[in-house]
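# Working through the structure, step by step
Residues per chain are reported as follows:
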Amino acid sequence: MSTASPEYHPQSLEVRIQDQWERSGAFHAHPDSSKPKFYCLSMFPYPSGKLHMGHVRNYTIGDVIARFQRMQGREVLQPMGWDAFGLPAENAALKHQVPPATWTHDNIAHMRTQLKRLGFAYDWRRELATCEPEYYRWEQWLFVRLFKQGLVYRKSSTVNWDPVDQTVLANEQVIDGKGWRSGATVEQREIPQWFLRITDYAEELLHGLDDLDGWPEQVKAMQRNWIGRSEGVELSFPVDGENEPLRVYTTRPDTLFGVTYLAVAPQHPLAQRAARTNRPLQDFIERCQSMQVAEAALATAEKEGVATGISARHPLTGAPIPVWVANFVLMEYGAGAVMAVPAHDQRDWEFARTYGLPIEQVIAPSDNGSADLDAAAYTEPGQLVHSGVFDGLTSAEAKERIAAHLEAEGIGRRRVQYRLRDWGVSRQRYWGCPIPVVHCVTCGPVTVPEDQLPVVLPTDVTPSGAGSPLKDMPEFFHTTCPQCGGPAERETDTFDTFMESSWYYARYASRFADDRMLDSEASHWLPVDQYIGGIEHAILHLLYARFFHKVLRDQGLVQSAEPFTRLLTQGMVVAETYYRESPDGARSWFHPEEVEVARDAKGRHLGAQLTADGRPVCIGGIEKMSKSKNNGIDPQSLIDRYGADTVRLFAMFAAPPDQSLEWSDAGVEGAARFLKRLWRLCHAHLAAGANSAPIQNDTKALELRRKTHETIVKVSDDYARRQSFNTAIAAVMELVNQIPRAPTQDMTLTLEVREALDTALLLLNPIVPHICQALWSALGHAEPILNHPWPSADPEALVRESLTMVVQVNGKVRGRIEVAADASDDSILAHARNETNVAKFLDGTTERKVVLVRGKLINFVVSE
C-alpha cells in the first residue's frame, strides 16, 4: 500500500513503521549527546500475562510526553522493564504447577510484544527484570553496605500473618481482618524481621516535599500524613507493683490533668503479664490477634477493651489510674501505651462511655462557652480548668509550661515523634530476592561478603503452597559462616518487592554497568524529569523510592536529593458493570459486550438485558476495569480491529490524564473516524496536484493560517504546562475541521492548507505517531517526523484585525459582536448595547455593573 492511498490500513502501516524505528535505533538514549536530557518514566508493570487498558493509558501518557520532549530538542531516555518478583507469580505458579520463573518470563515475552505493537518509544536495550540476578545482586550489595553502617537491623516484631499465603502482610493488606489475596483470617504473630532505618530520614523526607513543586498537592499531603511528624512530651506513669513505669507519648500535655485511664496494646508486656491471671483478658488478647490493625480501620471500628486490674499513678497528682488493654492501641506506635483523656479526645470518649469510665473536663472554651461532654469530647484548644497551678492558661501556654515542669521533675521530656515506622523488608515467601545474610551459632547474623554476591535464588522450583520451599532446600540454606568458617544457614526470607521497585529507575540509567550498581550515567540522567503512575502508589512506593534515593546519594552513587522532579498520577480506566444475583446473594458478572442496554434521549439507562437469553440484568454502575467485575477490555482486540493509533488517541482524548477514563465504544469509533478523515484530507491534498501558490488576500485563507498558529500556541501549552492532552487533541480537531471550510478554488493547493496539514501532523505526532509518520512522508518530507522540531507560532499570523466578543446580560448570552482589535472600551460597550437582541434585554433596565474582558466577553449586570 502506498502511503498516498485513499484507504487507511493502520495494521500493516504501523508494523512497517515500528520496524523502521527498531532497525534505526530511533529511541536509543545517548548520554553523550549535546542536547539537554529528559528522563521520562512510567511505573513499570508486574508481568501478569497481558496488558490491560490501565497499562495502555499509563504508558501512552508517558510516551506522549517523551515524544513531545524529543520534538522540543531534548535527548530523551524512556526505558521499560518488569516488576517481576512477588506473591502473585508464586500463587499463579502454584495454580498452574509451573516454576514462577517460567510463568514470569513467558508473561514478560508476551507483554513485551504487546508494548512494542503499541509503538511506545522505549530504549529496549535498557530493559530489566527485577527477578534476574544481574539486577538484584546490587540490591543485595547495597543491603550489605547498609548493614555494616547500622541502617539495617533485625528484631522480633508483631506482624500480620496470613496463614494461607504464609507471609507477613502490611496493615494496608489486611481488609476486614482478612488477607487481601487469600481471604484468610489474619493472625498477629511475633517473628524476627529485617528492618531498614527509614525513620533516620523522616525529617528529610518530610521537608523534601516542600521542594517538589512538580508533584500533586494531594500526593504530598498523603506523604506528610504518613510520615506524621508531631511535637509532644514523653512521660512516665509509675505502675503499682511494677519496677518499670508505663511510658506514654502525648501531643496534648495541656490535658494531662484529665487523664482517667491508661490504655495499652494487647501485645504490651504489661498486658501479657496481667493476662496470666485474668481469663477474660487472655481471651480478649487472643481475639485481638485476628482483628484488623490498619489505622484507618481502627478509627471506625468499635472500641473494645478489658481492664487489667492494675493501677498506675498520675505523675503530678499521684491519683490512681486504671490500666486497660484496648484494641485501638497499636504496639508499633509510640511505646504501645496511651494516656486517655476522654473529655478531650473522641476515641477516648467513646471508650469511656462504653465502659463507664470517668470523663473529667480540664479544657474550657476560650469564649467562656460551655462544652457538652454528654454529646461528644471537646477537642478544641481553650483555657485550662481543674488543672491546679496551671488553671487559666491557654492550651498553647500550658503545653509549654507543663512540658517544662515535667522535664524539671525528671518525669518527662519533650520529643518529636513520627507516625512513620522503620521499614520491615523481609517476607516469608520464595519468589523474591534472597536476603544476603547467614545465621551462625557463634557469630550470629553475618552478611554475605560482597565478592560472593549475588546469592542466587533457585529458579527450578514449583511451590507447594506450604510455606517457602527454600526452607526445604538444604542445598540452598546449608553454608559456612564467612566470618568464622563454622556451619551456618542462609536466611530463607526474601525481600519485600518494594525493595526492587524503589531503585529500578536508577538502574535503567546505568543499565550497561556490569561491575557496579550505578555509574556516572546515572548522575547524568537522574533525577527522573517526569514520572507517571497511579495514585494508589502515592504513599508506599513513592516514599520508599524517595528514601532509597537519599540512601544512594549518601553512598555517593547519585548526586540529586529526590528521584522524581515531576509526577503525574493518572486516573483509572472505568466501565459499566452488569450482573445477576442468585438466591444465595452471589453475583454473576457479564461483560458489557454481552449486554444490550436501552437508554433515553440523554443517554441514561432505561434497562439492560443479556443478549444471549433476552432476560434482564442488573446495572452495577461504573467501576474500575477488573477481572472480578468482568468489565475489562482487551487492548489487543482493539489494536487488531482499529490499529494502535486509534487506541492511543482514544486513551488520550476521552478524559484528562489525572481523571478516570470511562470506557466508550462510541469514543473508540469516533477516534477511528477522525484518523480516517485526516488520512482522506491529506490524500485529497496530494491528489490535487503540485501547485502550491497561496491565494492572495483571501480572508478564509488568512483565517486558516491564523487558526493554525493559534492552535500551535494552545497545544504547546497543553502539552508542556497543563499536560492536558484531551484539550490538545480537541484543538487539533478544530483545526482539521476548518481546512475544508477554506476557499474552494484549488484550496488543497494553497500554502495555507499545506501548513495546516503539516502542523496538525506535528501536533498529533506524540499521540498517534504511526499515521503522522506515514502522512508526513506522503506529503513529501524526507526527514522522519520523529526528528522534526516542534512547530513555533508566527506572531504575525496571530494578529487579528477584528475580534468576536460574547455579550451577556446577567450572565446569559444574548448576542455576539465583531469589533476592531484596537477598539476602545467605550466603543466596544456602545456596539454591544446597540446589538439588536442585547438592546431588547437592556431596555427598561438599570445597569448595576459592566464586566468587560477584552477579546472575550461583556456582561451587563442589570435590574428591572
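This text gives an overview of the structure that appears in the document. Since we're looking at a predicted model, the values are computed, not measured.

## Topic: the overall build of the chain
When helices and strands are tallied, the chain shows 27 helices and 35 strands. Across its three principal axes, the chain shows a C-alpha extent of roughly 105 × 80 × 65 Å. With 864 residues in all, the chain has 52% of them scored as buried. Restricting to contacts in the chain with at least 6 residues of sequence separation, those with at least 24 account for 70%. Accessible area for the chain stands at about 37,900 Å²; split by element, carbon and sulfur atoms hold 49% of it. Between the centroid of the 89 positive side chains of the chain and the centroid of its 110 negative side chains there is a distance of 3 Å.

## A look at the sheet that holds strand β3 (residues 152-162)
Read from one edge to the other, the open sheet built from four strands follows the order β4-β3-β7-β17, with strand pairing classed as antiparallel. Each having just a single partner strand, β4 (167-169) and β17 (423-424) make up the two edges of the open sheet. The pairing of β3 with β4 spans three bridges and is antiparallel. Considered in β4, the bridge of N160 is made with L169. The strands that helix α5 (residues 133-148) touches are β3 and β7 (187-196); relative to β7, the one it contacts most, it runs at about 90°.

## With respect to empty space enclosed by the protein
By the definition in use, this model includes one cavity of 30 Å³ or more. Computed from the structure, the largest cavity encloses a volume of approximately 60 Å³. F27, A66, R67, R70, V76, Q78 and A121 together form the lining of the largest cavity. Among the elements that make up the lining of the largest cavity, the one with the highest residue count is helix α2 (residues 53-71) (three residues).

## Concerning the layout of surface pockets
The volume enclosed by the second largest pocket comes to roughly 890 Å³. Of all the secondary structure elements, the ones that give two or more residues to the lining of the second largest pocket are β8 (229-237), β9 (246-250), α10 (295-300), β13 (337-340), α11 (346-355) and β16 (412-418). Here the lining of the second largest pocket is built from residues that sort into 13 nonpolar, eight polar and nine charged.

## Considering the sheet that holds strand β21 (residues 478-480)
On the basis of which strands lie adjacent, the open sheet formed by four strands has the order β20-β19-β22-β21 and antiparallel pairing. Both outer strands of the open sheet, β20 (444-447) and β21, are each paired with one neighbouring strand and no more. For this sheet, the mean inter-axis angle between neighbouring strands, taken without regard to orientation, is 40°. Across three bridges, the pairing between strand β19 (residues 437-440) and strand β22 (residues 487-490) is antiparallel. Residue pairing across strands places V438 opposite R490, the latter belonging to β22.

## Description of the pairing of β13
The two faces of β13 match: A337 and M339 on one face and V338 and A340 on the other face are all buried. Sheet topology note: the strand β10 (residues 261-264)/β13 ladder contains four bridges and is antiparallel. If you follow Y261 over to β13, its bridge partner there is A340.

## Topic: the packing of aromatic side chains
Under the criterion given, the structure shown has 38 aromatic pairs. Among the aromatic residues, those joined into a ring-pair cluster are F44, Y504, Y505, Y508, Y531 and F564. Positioned over the ring face of W226 is R419, at 4.9 Å from the centre of the ring. Residue placement shows K629 over the ring face of W589; its charged tip is 5.1 Å from the ring centre.

## Considerations on unusual backbone geometry
Glycine aside, a negative phi is what most residues show, and trans is what most peptide bonds show. The linkage connecting L453 with the following residue, P454, adopts the cis geometry, with an omega of 5°. Cis geometry marks the peptide bond from L526 to P527, where omega comes out at 0°. When you line up the elements, P527 lands in the loop between α16 (520-525) and β24 (528-534).

## A few points about the packing of helix α7 (residues 217-227) against helix α17 (residues 540-554)
Look at α7 against α17: their axes get within 10 Å of each other, and the N-to-C directions meet at 75°. As far as their axial angle goes, α17 and α7 are roughly perpendicular. Touching V219, Q223, W226 and I227 of α7 are L540, L542, L543 and R546, all from α17.

## Description of the environment of G356
In this fold, G356 is placed in the loop between α11 and β14 (363-364). Overall, G356 belongs to the exposed group, its relative accessible area being 64%. Separated by 114 residues in the primary sequence, G356 and E242 have C-alpha atoms spaced 26 Å apart.

## Points about the pattern of salt bridges
Pairing of side chains with opposite charge becomes possible as their charged atoms draw close. With the rule as written, the count across this model stands at 54 salt bridges. Two residues, E242 and R273, come together in a salt bridge whose shortest N-O distance is 2.9 Å. One end of the pair, E242, is in the loop between β8 and β9; the other, R273, is in helix α8 (residues 269-275), and 31 residues separate them in sequence. For E242, a relative accessible area of 26% gives the class partly exposed. Where K707 meets E734, a salt bridge forms, and the shortest distance between an N and an O atom there is 2.9 Å. Here K707 is found in helix α21 (residues 699-722), whereas its partner E734 is found in helix α22 (residues 725-738), with 27 residues between them in sequence. For K707, a relative accessible area of 17% gives the class buried. Each of E204, R546, K550, R553, D554 and E562 takes part in salt bridges that share partners, so that together they form one network.

## A short note on helix α3 (residues 87-96)
Along α3, the positions that sit buried rather than exposed are L87, A89, E90, A92 and A93. Where α3 is buried, its residues touch α4 (100-117) and β4. Looking one or two places after α3, you find Q97, whose phi comes out positive at around 55°.

## Re helix α1 (residues 10-24)
For α1, built from 15 residues, the straight-helix expectation of 21 Å at 1.5 Å per residue is met to within 8% by its first-to-last C-alpha distance of 21 Å. Inspection of α1 places P10, L13, E14, I17, Q18 and W21 among the buried residues, and these make up the whole buried set. Relative to the axis of α1, the buried residues are bounded by an arc of 125° and lie together on one face. Facing away from the buried surface of α1 by more than 90 degrees, the exposed residues are E22 and R23. Those residues of α1 that are buried lie in contact with α2, α4, α18 (635-642), α19 (644-653), α20 (665-687) and α24 (769-778). Directly beyond the C-terminal end of α1, a positive phi value near 60° is found at G25.

## Things to note about the pairing of strand β25 (residues 564-570)
Most of β25 sits out of view: five of its seven residues are buried. Read as a crossover between parallel neighbours, the route from β24 over α17 to β25 is right-handed.

## A few points about the environment of E500
Mapping E500 onto the fold places it in helix α14 (residues 498-501). Judged by relative accessible area, which is 0%, E500 ranks as buried. Along the chain, E500 and Y579 lie 79 residues apart, while their C-alpha atoms are 39 Å from each other. Not counting residues within four places of it along the chain, the set of residues in contact with E500 comprises F85, T130, Y135, E139, C433 and F495.

Rules and cut-offs
Residues numbered from 1 in each chain as written. Predicted model: local features only at pLDDT ≥ 70, side-chain atom pairs only at ≥ 80, totals over all residues. Heavy atoms only, no water. Helix = DSSP H or I, 4+ residues; strand = E, 2+ residues; numbered from the N terminus. Buried < 20%, exposed > 50% of the residue type's maximum accessible area, 1.4 Å probe, protein only. Contact = heavy atoms within 4.5 Å. Areas by Shrake-Rupley, 256 points an atom, 1.4 Å probe, with all protein chains shown as cover. Lys, Arg positive; Asp, Glu negative; His and termini not counted. Charge placed at Lys NZ, Arg CZ, Asp CG, Glu CD. Pairing = 2+ DSSP bridges. Axes fitted to C-alpha atoms, helices over the stretch in contact; angles between N-to-C directions. 1 Å grid on protein atoms, 1.4 Å probe; cavity = no way out; pocket = protein on both sides within 12 Å on 5 of 7 lines; lining within 4 Å. Points joined across faces, edges and corners; volume = space filled by probe spheres on them. Nonpolar A, V, L, I, M, F, W, Y, C, P; charged D, E, K, R; others polar. Phe/Tyr/Trp six-rings, centres within 6.5 Å; stacked < 30°, edge-to-face > 60°. Lys NZ or Arg CZ within 6 Å of the ring centre and 35° of its normal. Parallel < 35°, antiparallel > 145°, perpendicular 65-115°, else oblique. Salt bridge = Lys/Arg side-chain N within 4 Å of Asp/Glu carboxyl O. Expected span 1.5 Å × (residues − 1). Arc of directions from axis to C-beta. Right-handed = clockwise from strand over helix to strand, strands pointing away.

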